[in-house]
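The lines below spell out each chain.
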Amino acid sequence: MKRILIGISFFLAMAASVFAQSSDLTPLAVIKLDKQETITLKQLRSRVEFLKIETGVEKLTVEQKKQVLDSLISEKLVVQAAAKEGITISDSDVNAAFLSTFSQQLGQQVTEAQLNDFIQRQTGKTLAEYIKDRTNMTLAEYKEYLRNQLIAQRYVFAKSQDALWQVAATDAEIRQAYEMNRAQFVWSDMMKLFLVVVPKGSDAPAAKTAAEGLLAQYKSGGPGTELKIRSSTDNGKKYQADYLIIQKSSEMAQRLGWTYDKLIELFGRNKGYVGELSVTDRDYQFYVVIDKYAAKMLELSDIVEPDSTVTVYDFIKQRLTAQKQSQFLSTSAQELAKGLDTKANVDRRKTGSSLDKVLENW
């Protein structure tokens, strides 16, 4: 009897699994503007989970899930409309867009392999695992999602660009934004460094020898030594050398792999100071103090950061204009998608109470 009960339990578990898979594959809508493409319950669930992670919301209402479904339909309509007009995005463009946000956060351009190494050091997870946790998508799925977003953006831009260029922040809006956010436009104490970093890799003694050689080259070199070190064919392969603007903050110390005391010591150095070779867990490095900048409040005519030609006025104008243009493109995208959302292009398989029932209890 025990064996039979086990068998029945196994059968019921298999049946429940098959039912769940079948439920997940329930078609909610079929897009057929350029080709037949089905939006399933599984796809909607995945997008809902992505949005929950993005927004921090624990649960979406049925109405909110309907909005997510509508946005999925709009997205696929626009992408198919773009395909009909020959608009595509290459794999290299997708990868560049994928890495762009991470590169901005890290303050330097990174490859996917470098990003994977960095994330593993920081989180103990692979890049694929990290993306899965943050988006509820595999790395390939997230890149495909990103591709569709880029295609949609390119299509909407192509349709709206003439009107888009007329959208810009006004002088009154710029000055009002400055007055409302004046306290944010400040310089903390900053320094411009020439920083040379030699990763230890698999041969720490060789890295140390190379770092000592670069330091000696800098100390003995005349004008143009920095350029020679930066432009060497080894730069980017065996070592990294570049200018760096740093702030007096614990976050900056952590980013550099320094203690805060070391950073404070650095800010006591004078312009032209050449530091001695130091070692971290990952590399050997030395720095040169190129310039120093005192903390101050910024006026509209001041530049936003050292070595920049962009004033606070220009910066606010660019930000406000980008926001207004983004809103314009978003509105244009909604209008384009609405115009494409016809019975000929979309077959909604679940509507009304039937759709509500599918969207309840998850």
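Keep in mind it's a predicted model, so treat the numbers as computed, not measured.

A.B. asks: What's the story with the overall build of the protein chain in this structure? I'm lost.
C.D. replies: On a plain count of helices and strands, the protein chain comes out with 14 helices and nine strands. Against the 2.2 N^0.38 benchmark of 21 Å for 362 residues, the protein chain shows a C-alpha radius of gyration of 27 Å, more extended than a compact globule. Oriented by its inertia axes, the alpha-carbon framework of the protein chain measures out at about 80 × 70 × 40 Å. Long-range pairs, those at least 24 residues apart, make up 66% of the contacts in the protein chain with a sequence separation of at least 6. Roughly 22000 Å² of accessible area belongs to the protein chain as shown, and the carbon and sulfur atoms make up 52% of that amount.

A.B. asks: Just to check I follow, could you spell out the packing of helix α4 (residues 91–106) against helix α5 (residues 112–123) for this structure?
C.D. replies: Contact geometry for α4 and α5: axes closest at 11 Å, N-to-C directions at 45°. With respect to their mutual orientation, α4 and α5 come out oblique. The interaxial crossing formed by α4 with α5 has left-handed handedness. Contacts between α4 and α5 pair N95, F98, L99, F102 and L106 from the former with E112, L115 and F118 from the latter. Looking at the contact of α4 with α5 residue by residue, the class counts come to six nonpolar, one polar and one charged.

A.B. asks: Would you take a moment to explain the confidence of the model for the protein chain for this structure?
C.D. replies: Segments scoring low in pLDDT should not have their predicted coordinates read at a detailed level. The predicted model of the protein chain averages 89 in pLDDT, with 94% of residues at 70 or higher. Mean pLDDT in the protein chain bottoms out at helix α1 (residues 2–24), which sits at 47, and peaks at helix α8 (residues 171–180), which reaches 97. Of the regions scoring below 50 in pLDDT, residues 1–22 engages in zero contacts with residues more than four places distant in sequence or in other chains.

A.B. asks: Any chance you could explain the nonpolar core here in plain terms?
C.D. replies: Proteins that are soluble and globular tend to have nonpolar side chains buried together. Judged by nonpolar contacts, the single largest core of 47 residues is most densely connected at L44, I73, F98 and L115. Leave out the neighbours within four places in its chain, and L44 touches L28, K65, V68, L69, L72, L359 and W362.

A.B. asks: Looking at this structure, how should I read the environment of Y155?
C.D. replies: Take Y155: it is sitting in helix α7 (residues 139–164). With relative accessibility at 5%, the residue Y155 sits in the buried group. Linking Y155 and D356, residues 201 residues apart in sequence, is a C-alpha distance of 32 Å. With sequence-adjacent residues up to four places away left out, Y155 is seen in contact with V78, A81, A82, E85, I87 and L336.

A.B. asks: How do you make sense of the sheet that holds strand β5 (residues 240–247) when you look at a structure like this?
C.D. replies: Strand order in the open sheet formed by four strands is β5-β4-β7-β6, with antiparallel pairing between adjacent strands. What marks the edges here is a single partner per strand, and that holds for β5 and β6 (278–279). One ladder, built from two bridges, connects β6 with strand β7 (residues 283–293); its direction is antiparallel. Across the sheet, the residue bridging to S278 is Q285, located in β7. Against the sheet, helix α9 (residues 204–220) touches β4 (190–199) and β7, its axis set at about 30° to β7. Contacts between helix α12 (residues 260–267) and the sheet are confined to β4, β5, β6 and β7, with β5 contributing the most and set at about 90° to the helix.

Cut-offs used in this document
- Position numbers for residues count from 1 along each chain, tracking the sequence in the order it is written.
- Local features are withheld for residues below a pLDDT of 70 in this predicted model, meaning they are given only at 70 or higher, and side-chain atom pairs are given and counted only at 80 or more; totals for whole chains, interfaces and linings count all residues.
- The side-chain figures draw on all heavy atoms in the structure; neither hydrogens nor water molecules are used.
- The way it works is that DSSP assigns letters per residue, a run of H or I at least four long becomes a helix, a run of E at least two long becomes a strand, and they are numbered from the N terminus.
- Just to be clear, the radius of gyration here is over C-alpha atoms, and the globule rule we use is 2.2 Å times residues to the power 0.38.
- Note on contacts: a residue pair qualifies if any of its non-hydrogen atoms lie within 4.5 Å across the two residues.
- We get accessible surface area from the Shrake-Rupley algorithm with a probe of 1.4 Å; when it comes to residues, only the shown protein chains can shield them.
- A fitted line through C-alpha atoms serves as each axis, taken over the contacting stretch for helices, and the angle formed by two N-to-C directions is quoted from 0 to 180°.
- Should an angle fall under 35 degrees it is called roughly parallel, over 145 degrees roughly antiparallel, and 65 to 115 degrees roughly perpendicular, with every other angle called oblique.
- Note on convention: the crossing is left-handed when the near helix lies turned anticlockwise from the far helix by less than a right angle, right-handed when the turn is clockwise.
- Each residue receives one of three labels: charged for Asp, Glu, Lys and Arg, nonpolar for Ala, Val, Leu, Ile, Met, Phe, Trp, Tyr, Cys and Pro, and polar for the others, Gly being one of them.
- As a per-residue quantity, pLDDT reports the predictor's confidence and falls between 0 and 100.
- Residue types Ala, Val, Leu, Ile, Met, Phe, Trp, Tyr and Cys, when buried and joined through side-chain atoms within 4.5 Å, form a set referred to as a nonpolar core.
- Here's how the labels work: a residue is buried when its accessible area is under 20% of the maximum for its type, exposed when over 50%, partly exposed in between, all with a 1.4 Å probe on protein chains only.
- By this definition, two strands are paired if DSSP reports at least two bridges between them.

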